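Descriptive analysis of the structure
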Amino acid sequence: MTEEDVARLNIAVLLPCYNEGKSIASVVIGFRKALPAARIYVYDNNSSDDTSAQAAFAGATVVPSRRQGKGNVVRQMFADIEADVYVMADGDGTYDPTAAPRMIDTLLADRADMVVGTRRNVTEDAGRNGHAFGNRLFNMIYRTLFGSDFTDIFSGYRAFTRRFAKSFPASSPGFEIETEMSVHASTLRLPVSEIEFDYGRRVEGSESKLSTFRDGFRILRMMGMLVKETRPFMFFSSVSAGLFGLAAILSVPVLAEYFETGLVSRMPTWMLAMTLLLGAMMSFTAGVILDSLSRARVEQKRIHYVSIAPARGEKHFRGSGSVSDRREADQAISAPQIRKTSA
């Protein structure tokens, strides 16, 4: 993809930040060099340092985001900004801005809706041993529950089409947002791609905002909620199986005594076992019903997704063959005019 091709696209670089004053200027400058025609937005999430001043000095458009949490910031960014292509990264300097053109090229060449920049060796060294273990564990859980579309669900370096950005509900308030993005793509079976790059280190003096146990618990809770919402039959049938197992364990000695003596001496145990059995039956029934509703919700999300027209610049590059070949083909086609809303 040439500089001329990039210039024809309306690209927005989105950088959610919280107390990244030591690194944000170099990040903004890096993206300005990598994508000269892109608009760079820094969303300052109540920073107590000079993040806003440093970002503005480096040439970014600074937007305050008052509701705390990365997920809340991403929701605001996607609602505020109109673009053909969105590139999202963190402001801590760990993501390489020079990889952005390759991510955009992959997005267009693969006709994908999201490209994830996977972090090379992140499971071996993510700054802390706890983070490395968490990456391995949660990626394994994700592949088990939602499929093998992604190998690094926690990467914050991503490129999106307008269609993805405007169809993504973004209900997560915090760092769980990357997991929700991945589940959204897997649930709707959207075309996605991955490219690998070296994962950098934070600049000296800056600190990670992640807490190994607190954020790990939040991500696990979010995964459970997303399983319940997107795969309710799996969720409730698992609950049903657990309740049925407990009911069987409690009822076996009571039944053995009954067949031997004809008496039920442990009536409270029997009543508890029957209550658990009833709960298992109700949970299984709820899973069957909610599975049908979930399928209907996915169909509605899919209809909404396909109803969002690709941006004009994005459509131009989404043909087959090289960019120059697609340009010649497009000259013979009268593309519909789509009004752009300024950011």
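Analysis parameters
- Residues numbered from 1 in each chain as written.
- Predicted model: local features only at pLDDT ≥ 70, side-chain atom pairs only at ≥ 80, totals over all residues.
- Heavy atoms only, no water.
- Axes fitted to C-alpha atoms, helices over the stretch in contact; angles between N-to-C directions.
- Helix = DSSP H or I, 4+ residues; strand = E, 2+ residues; numbered from the N terminus.
- Parallel < 35°, antiparallel > 145°, perpendicular 65-115°, else oblique.
- Contact = heavy atoms within 4.5 Å.
- Nonpolar A, V, L, I, M, F, W, Y, C, P; charged D, E, K, R; others polar.
- Expected span 1.5 Å × (residues − 1).
- Buried < 20%, exposed > 50% of the residue type's maximum accessible area, 1.4 Å probe, protein only.
- Pairing = 2+ DSSP bridges.
- Patch = residues over 30% accessible without salt bridge, like charges linked within 9 Å, V, L, I, M, F, W, Y side chains within 5 Å.
- Areas by Shrake-Rupley, 256 points an atom, 1.4 Å probe, with all protein chains shown as cover.
- Salt bridge = Lys/Arg side-chain N within 4 Å of Asp/Glu carboxyl O.
- pLDDT = per-residue confidence, 0-100.

Interaxial distance between helix α4 (residues 70-80) and helix α8 (residues 177-188) falls to 9 Å at its minimum, and their mutual angle equals 55 degrees. The orientation of α4 with respect to α8, classified from their angle, is oblique. Residue-level inspection shows Lys-70, Gly-71, Val-74 and Phe-78 of α4 in contact with α8, the latter providing Ile-177, Glu-178 and Met-181. Grouping the constituent residues of the contact of α4 with α8 by class yields four nonpolar, one polar and two charged.

Moving on: helix α11 (residues 267-307). With 41 residues, α11 extends 59 Å between its outermost C-alpha atoms, agreeing within 8% with the 60 Å of an ideal straight helix rising 1.5 Å per residue. For α11, the set of buried residues is Ala-273, Leu-276, Ala-280, Ser-283, Gly-287, Ser-294 and Tyr-305.

Every buried residue belonging to α4 is among Lys-70, Gly-71, Asn-72, Val-73, Val-74, Met-77 and Phe-78, and all of these are buried. Structurally, α4 contributes buried residues whose contacts are with β1 (11-17), β2 (39-44), β4 (85-88), β6 (158-161), α7 (162-167) and α8.

Attention shifts here to the sheet that holds strand β5 (residues 114-120). With mixed pairing, the seven strands of this open sheet are ordered in space as β3-β2-β1-β4-β6-β5-β7. Of all the strands in the sheet, the pair left with one neighbour each is β3 (61-64) and β7 (192-198). Strand-to-strand, the axes of this sheet are offset by a mean angle of 20 degrees, without reference to chain direction. For β5 and β7, the ladder comprises seven bridges, and the chain directions are parallel. Residue pairing in the sheet places Val-116 in a bridge with Glu-194 of β7. The strands touched by helix α2 (residues 24-34) are β1, β2 and β4; relative to β1, the strand with the most contacts, the crossing angle is about 170 degrees.

Let us look at the pairing of β5. Most of β5 is tucked away: six of the seven residues are buried. Alignment of β5 against β6, held across three bridges, turns out to be antiparallel. Note that in β6 the partner of Met-114 across the bridge is Phe-160.

Looking now at a nonpolar patch on the surface. On the surface, a cluster of nonpolar side chains totalling about 580 Å² of accessible area is made up of Leu-255, Tyr-258, Phe-259, Val-264, Met-267 and Met-271. Those elements giving two or more residues to the nonpolar patch turn out to be α10 (232-261) and α11. Take the nonpolar patch: its biggest share by element is three residues, from α10. With respect to the secondary-structure elements, Phe-259 resides in helix α10.

Residue-level pLDDT values for the protein chain average 84, and 82% of them are 70 or greater. Confidence drops under pLDDT 50 across residues 320-343; counting only partners more than four residues distant or on other chains, this segment forms 26 contacts.

Turning to the pattern of salt bridges, a few remarks are in order. Within this structure, the stated rule accounts for eight salt bridges. Lys-70 is the partner of Asp-90 in a salt bridge, and the nearest nitrogen-oxygen pair spans 2.9 Å. Placement of the pair is Asp-90 in the loop between β4 and α5 (100-109) and Lys-70 in helix α4, with a sequence separation of 20 residues. Note that Lys-228 is salt-bridged to Glu-229, the shortest N-O span being 2.6 Å. A relative accessible area of 31% places Lys-228 in the partly exposed class. Connected through salt bridges with shared partners, the residues Lys-70, Asp-90 and Glu-178 form a single ionic network.

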